[in-house]
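Chains, contacts and geometry: an overview
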Amino acid sequence: MSKDNKAPSLLDPTILLPAIRDAFVKLDPRKLMRNPVIFVTEIVAVVVTILFIRDLATDPGEAGFSGQIAAWLWFTVLFATFAEAVAEGRGRAQADSLKKTKSELVARRLGTNGKTETIPASSLKVGDIVLVAAGELIPGDGEVIEGVASVNESAITGESAPVIRESGGDRSAVTGGTQVLSDEIKIRITVQPGSSFVDRMIALIEGAQRQKTPNEIALSILLSGLTLIFLFVCVAIWGLAGYSGTVLSVTVLAALLVTLIPTTIGGLLSAIGIAGMDRLVRFNVIATSGRAVEAAGDVDTLLLDKTGTITFGNRMASDFLAAPGVTPAELAEAALIASLSDETPEGRSVVALATGEFGVPMPKAVFDAVIGFTAETRLSGVDIGQRRLRKGAIDAVLKFAGMTEQDAPAEFRRAVDQVARTGGTPLGVADGDRLLGVIHLKDVVKPGIKERFAALRAMGIRTVMVTGDNPVTAAAIASEAGVDDFLAQATPEDKLAYIRREQQGGRLIAMCGDGTNDAPALAQADVGVAMQTGTQAAREAANMVDLDSSPTKLIEIVEIGKQLLMTRGSLTTFSIANDVAKYFAIIPALFVATYPALEALNIMGLTSPQSAILSAVIFNALIIVALIPLALKGVAYRPSGAAALLRRNLLVYGLGGLILPFAGIKVIDLAVSALHLV
């Protein structure tokens, strides 16, 4: 999948032409019943069409008016189905690219006798063992149980750089349709054909499994209630007209009903939800449901891992703190030599600091022994003649020097404490039994992250940093990054307990993770984002998967969720507000012959009652088309508090919804009169 998050154009023929065809297919009443407002509009269109056919035979003069009303009612329905079809069409290209990864997959299944047989991937069952060699496609989702290999996952993630997959640990999960580039691995299939990660992605992108979210259901119930109320109003108006001696045709009453009910938001509601999912897909995030996207927009607290999200994944050497009797240049030279065999990013940063800021030349001496860094010794260094230079964790260096913490010089202990209190990691340097000083390894906070957290705070979202560091180090980094709180020395159980405690207080929680140990917390969180490079357990527990495996993506996900909720709220406000102008257009037109005083309500100066009714119906249809780009793109989101967003929403879409229809209906009335359509 492409990482380009630019949306395809509405005028793209590959989207536009299929959408026009699908708009007609969606006229099927069985499909439209899911949208009560547009379903009622279709029924009304059918009734008016029947009346138009009758008028052709009995009253040709009236047929021109009823025929135009019928046509624009059908356009209203078609524009609504077209909006949904366009939203679905924008995801089809992404789904098609995923389908290519599944085409004609075969598997080399390992039998109980140790021999392999080649079978279609669709015949695999959970528990089957398959062999995949370099150049072959992985036939299904599973876990590596033997071997290690480089795997190209670009068909899924869009990333050209291969990833390592190996048995055991958090890098054992593999996805069907990805390609092994080197070596051979043995995989146990963990998912039934048709239910794989790619299958679920395709279904979700195409909208085949899209279900209404709780907010959509609640809004649909509200719109259905308004439709029912206005239906009763129209029946009452018919009775009132009969009592007052006003003759109202069914065509006019049908036009009144359709212009009164909230057809604008009714026609765009489904497209808004689909477009929200599509925006996530363009950011290379797959949500298992629209509910997860909505929950992201309502999140109160973000749990963010320190490493890789708030700070860069690798700590960098920032200073050398020499022990008493040792010059900074002597410490820098010893640290440089001791780090030459350390291939970790931290080791390379020590070399860069010594040769750069401290100007130490690269040594030319021949080493008697090179000691590489290991997780067991936590030391690296070299032996040169009588010198035994070592660099590593403080306790490991003290042990190497034959000292306890109490034996170390006070200045050395103060330097260690100083580094820890500023959020850094201290490394000791020794030459035999002589302590030379401390290297300050600093967790580098990502540039701009503090401003991002300030923006989240303006939205009313609380940020919590999760780290395995001690509380002193965690507090220093939290202060520098600008997070609201931190969880130090956190275990998976601590994360889960924290999420439950926050949820009991009525808050919605979002977090990201990639390991099997993150799965319980991901499942408990309201928005759980798993990394594509993570384990199968993490991806199954989460309700979103980030194909780029970027922990900072959680912030964008929240913004997309808020944009979805804002778009739906803004267009609902506009839809209800824009009905006011239609009242001023149609109500006077219905009764002006019986009650001439109602002409005072014709503040738009519409030409005639028939022109007023037709103009309102035409505007009612065209406004849906005009708002399709906004529904698909989403309302521009700027971080701010709920009160400020509400004021802006009411000003732009409430007041705009009141004013724009007056101008629009008047312009259409002038066109109708100029063309002598009535």
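Residues numbered from 1 in each chain as written. Predicted model: local features only at pLDDT ≥ 70, side-chain atom pairs only at ≥ 80, totals over all residues. Heavy atoms only, no water.

**Re the overall build of the chain**
Scanning the chain from N- to C-terminus turns up 23 helices and 22 strands. The C-alpha atoms of the chain give a radius of gyration of 34 Å, which is well past the 26 Å a tight globule of 678 residues would have. Per-residue burial over the chain gives 51% buried out of 678 residues. Within the chain, residue pairs in contact and separated by at least 24 positions form 69% of the contacts whose partners lie at least 6 positions apart. A total accessible area of about 29100 Å² is found for the chain, and carbon and sulfur atoms account for 60% of it. The chain carries 61 positive and 69 negative side-chain charges, and their two centres are separated by 2 Å. (Helix = DSSP H or I, 4+ residues; strand = E, 2+ residues; numbered from the N terminus. Rg over C-alpha atoms; globule rule 2.2 N^0.38 Å. Buried < 20%, exposed > 50% of the residue type's maximum accessible area, 1.4 Å probe, protein only. Contact = heavy atoms within 4.5 Å. Areas by Shrake-Rupley, 256 points an atom, 1.4 Å probe, with all protein chains shown as cover. Lys, Arg positive; Asp, Glu negative; His and termini not counted. Charge placed at Lys NZ, Arg CZ, Asp CG, Glu CD.)

**Some points on the pairing of strand β2 (residues 116-120)**
Pairing geometry for strand β1 (residues 106-110) and β2, over five bridges, is antiparallel. Within β2, the position partnered with L110 by the bridge is T116. Counted between consecutive antiparallel strands, the loop separating β1 from β2 contains five residues, among which G114 sits at a positive phi close to 85°. (Pairing = 2+ DSSP bridges.)

**Focus on the sheet that holds strand β18 (residues 462-466)**
Here seven strands make up an open sheet; going across it, the order is β10-β22-β21-β20-β11-β18-β19 and the pairing mixed. If you trace the sheet from one side to the other, it starts and ends with β10 (285-287) and β19 (485-487), each paired once. Strand-to-strand twist of the sheet, defined as the mean angle between neighbouring strand axes without regard to direction, takes the value 20°. When strand β11 (residues 301-305) meets strand β20 (residues 509-513), the two strands line up parallel, connected through three bridges. In the sheet register, T301 faces β20, and the bridge partner there is I509. Packing of helix α17 (residues 492-504) onto the sheet brings it into contact with β11, β18, β19 and β20, and relative to β20 it is tilted by some 165°. (Axes fitted to C-alpha atoms, helices over the stretch in contact; angles between N-to-C directions.)

**Description of the sheet that holds strand β7 (residues 173-174)**
Read from one edge to the other, the open sheet built from six strands follows the order β2-β1-β3-β9-β4-β7, with strand pairing classed as antiparallel. With one partner strand each, in any of the chains shown, β2 and β7 form the two edges of the open sheet. Bridge count between strand β4 (residues 142-146) and β7: two bridges; the pairing is antiparallel. Bridge pairing in β7 links E143 to A173.

**As for the pairing of β1**
Examined bridge by bridge, β1 and strand β3 (residues 129-133) share two bridges and lie antiparallel to one another. Its bridge partner being in β3, R108 is matched across the sheet by L131.

**Thoughts on the nonpolar core**
If you look at the biggest cluster of nonpolar residues, it comprises 115 residues, and the most contacted ones within it are I69, L268, L302, F453, M544 and L590. Viewed by domain, this core spans two of them, domain 1 (13-93 + 205-282 + 558-675) and domain 3 (285-310 + 446-547), each represented by three or more residues. Sequence-distant contacts of L590, defined by excluding residues within four places in its chain, comprise I237, T246, L248, V252, L256 and I613. L331, A354, V429 and I439 belong to the second-largest nonpolar core, a separate cluster that totals 23 residues. (Core = buried A, V, L, I, M, F, W, Y, C linked by side-chain atoms within 4.5 Å. Domains from an automatic or database assignment.)

**Here's the deal with the packing of helix α15 (residues 449-458) against helix α20 (residues 553-577)**
For the pair α15 and α20, the least separation of the axes is 12 Å and the interaxial angle reads 30°. What the angle tells us is that α15 and α20 run roughly parallel. The interaxial crossing formed by α15 with α20 has left-handed handedness. Of α20, the residues touching α15 (which contributes I449, R452, F453 and L456) are I555, E556 and E559. (Parallel < 35°, antiparallel > 145°, perpendicular 65-115°, else oblique. Left-handed = near helix turned anticlockwise from the far one by under 90°.)

**What to know about the domain arrangement of the chain**
Examined at the domain level, the chain breaks down into domain 1 (13-93 + 205-282 + 558-675), domain 2 (125-192), domain 3 (285-310 + 446-547) and domain 4 (311-445). Computed from C-alpha coordinates alone, the two centres of domain 1 and domain 3 are separated by 41 Å. Carbon and sulfur atoms make up 68% of the surface buried where domain 1 meets domain 3, a total of about 1600 Å² over both sides. Interface area lost by domain 1 to domain 3 is led by M277, L280 and V558, which between them contribute 34%. As a salt-bridge pair, R568 and E294 come within 2.5 Å of each other at their nearest N and O atoms. At the surface where domain 1 touches domain 3, the tally comes to three residue pairs in polar contact (both at pLDDT 80 or more). Those elements that provide at least two residues to the side of domain 1 that touches domain 3 are α7 (214-244), α9 (263-282) and α20. At seven residues, α20 tops the list of elements feeding residues into the side of domain 1 that touches domain 3. (Buried area = accessible area lost by both parts, 1.4 Å probe. Salt bridge = Lys/Arg side-chain N within 4 Å of Asp/Glu carboxyl O. Polar contact = N/O pair within 3.5 Å; in protein donor to acceptor, adjacent residues only side chain to side chain.)

**Here we look at the UniProt feature "transmembrane region" (unreviewed entry) in the chain**
Within the UniProt annotation, "transmembrane region" (unreviewed entry) is assigned to residues 36-57, 69-87, 217-241, 247-272, 580-598, 610-630 and 650-675. The span residues 36-57 carries 100% helix and 0% strand; its end-to-end C-alpha distance comes to 32 Å. Within residues 69-87, the helical portion is 100% and the strand portion 0%, while the C-alpha atoms at the span's ends are 27 Å from each other. (UniProt positions renumbered as here; feature names shortened; annotations may be inferred.)

**Topic: unusual backbone geometry**
The phi dihedral of D183 is positive, around 65°, even though this residue is not glycine. Within the secondary structure, D183 is located in the loop between β8 (179-180) and β9 (184-189). With phi around 55°, H676 is a residue other than glycine that occupies positive phi space. Relative to the assigned elements, H676 resides in the segment after α23 (642-674). Take H676: its relative accessible area is 66%, and that puts it in the exposed class.

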